[in-house]
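A closer look at the structure
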Amino acid sequence: MIPLHQLLEELAPAHVRLVAVSKTKPIEQILEIYNQGQRIFGENIVQELVPKYEALPKDIQWHLIGHLQSNKAKYVAPFVDMIESVDSFKLLMEIDKQAAKCSRTIDCLLEMKIAEEESKYGFTREEVEEMLRNPEFKSLHNVRICGLMGIGTFTEDEAQTRREFRGLKEFFSQLKSTYFADKDHFRQISMGMSGDYKIAIEEGSTMVRIGSLIFGERG
Ligand SMILES: *Cc1c(COP(=O)(O)O)cnc(C)c1O
């Protein structure tokens, strides 16, 4: 574990945003970090996020970072600040629908399959481009695509991690110039966790999702 201020000092020179991943951690421990000034927190499960949102200060910006089933989008739409784990067009359309019902625009990241190991969730590059070219995509007015998210392979092999992050950055740049050149808000690359955030920052991360390093190991 490292103190929050020390982690923030490491992130500051590269202007990297910190998402403090509080999954499985109790309200009191989240408040301790909140009281040190942290405002962006990440949770991976809707059933855990909603009660924490209700119990904690309302100026927290909640990021959903885990797989979201379409039928649960309605529970987070009223308050979520960003959904980092959009992994299908179907889900994006449902988020748009639920956001419209709340008269909100929800910031989203497209989660990419970047791990060389088998990963369950995430778009392939082909799927993303297919979605972006689909006329229906242009009809979505209550979601804002702010960039990409990726989870690297859990490995000691730093070269592999670096390759995966580099690939995500490359694809981001390609999308930026092809589809989002005039969209200022398309600028986030969420990559890096407790074990690999230093490599992620070297490879161009703009947002790291860090849990155990701040809150301690999860049980
Ligand atoms: C749990 C989780 C993290 C944080 O993991 P740590 O290794 O504890 O930093 C980051 N991103 C996602 C998607 C997670 O589920």
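Structure's up top.
Structural notes, computed from the coordinates. Quick caveat: nothing in here was measured; it's all calculated off a predicted structure.

The rules we used
Residues numbered from 1 in each chain as written. Predicted model: local features only at pLDDT ≥ 70, side-chain atom pairs only at ≥ 80, totals over all residues. Heavy atoms only, no water. Near = heavy atom within 4 Å. Polar contact = N/O pair within 3.5 Å; in protein donor to acceptor, adjacent residues only side chain to side chain. 1 Å grid on protein atoms, 1.4 Å probe; cavity = no way out; pocket = protein on both sides within 12 Å on 5 of 7 lines; lining within 4 Å. Sits in = over half its atoms within 2 Å of the grid points. Nonpolar A, V, L, I, M, F, W, Y, C, P; charged D, E, K, R; others polar. Helix = DSSP H or I, 4+ residues; strand = E, 2+ residues; numbered from the N terminus. Contact = heavy atoms within 4.5 Å. Axes fitted to C-alpha atoms, helices over the stretch in contact; angles between N-to-C directions. Parallel < 35°, antiparallel > 145°, perpendicular 65-115°, else oblique. Left-handed = near helix turned anticlockwise from the far one by under 90°. Salt bridge = Lys/Arg side-chain N within 4 Å of Asp/Glu carboxyl O. Buried < 20%, exposed > 50% of the residue type's maximum accessible area, 1.4 Å probe, protein only. Points joined across faces, edges and corners; volume = space filled by probe spheres on them.

1. Quick look at the site of the ligand
Looking at the ligand, the residues that line it are V21, K23, I65, I151, M193, S194, R209, I210, G211, S212 and R218. At 2.9 Å, a side-chain N or O of R209 approaches a nitrogen atom of the ligand. Measuring from an oxygen atom of the ligand, one finds a backbone N or O atom of G211 at 2.8 Å. According to the grid-proximity analysis, the pocket containing the ligand is the largest pocket. Residue classes in the shell around the ligand are distributed as five nonpolar, three polar and three charged.

2. Focus on the environment of L56
Positionally, L56 belongs in the loop between α3 (46–55) and β3 (61–64). Beyond its immediate sequence surroundings of up to four residues, L56 is in contact with I27, I30, L31 and W62.

3. Digging into the packing of helix α6 (residues 125–133) against helix α8 (residues 158–179)
Following both chains from N to C, one finds α6 and α8 inclined at 15 degrees, their axes separated by 12 Å at the closest point. In this view, α6 runs roughly parallel relative to α8, as classed from their interaxial angle. Considering only the axes of α6 and α8, their crossing is right-handed. Residue-level contacts link R125, V128, E129, L132 and R133 of α6 to G167, E170, F171, Q174, L175 and Y179 of α8. By residue class, the composition of the contact of α6 with α8 is five nonpolar, two polar and four charged.

4. Some thoughts on the pattern of salt bridges
Across all of its chains, the model carries twelve salt bridges by this definition. Among the salt bridges present, the one from D107 reaches R144, with a minimum N-O distance of 2.8 Å. Taken together, the residues span a long stretch of sequence, with D107 in strand β5 (residues 106–112) and R144 in strand β6 (residues 143–150) at a distance of 37 residues. You can call D107 buried: its relative accessible area is 17%. Its relative accessible area of 34% is what places R144 among the partly exposed residues. Of the charged contacts in the structure, one is a salt bridge between E129 and R133, with a shortest N-O distance of 3.6 Å. On the criterion of helical spacing, the pair formed by E129 and R133 is a turn pair, its members being four residues apart in helix α6. Among the residues examined, E129 registers a relative accessible area of 17% and is labelled buried. Residues joined by salt bridges that share partners form a network here, namely R162, R166, E202 and E203.

5. Concerning the layout of surface pockets
As a volume, the largest pocket reaches approximately 850 Å³. In terms of lining residues, the largest pocket is bounded by 35 residues, among which I151, G152, F154, M193 and R209 are the most central. Contributing elements (two or more residues each) for the lining of the largest pocket: β5, α8 and β8 (207–210). Classifying every residue of the lining of the largest pocket by side-chain character gives twelve nonpolar, 13 polar and ten charged.

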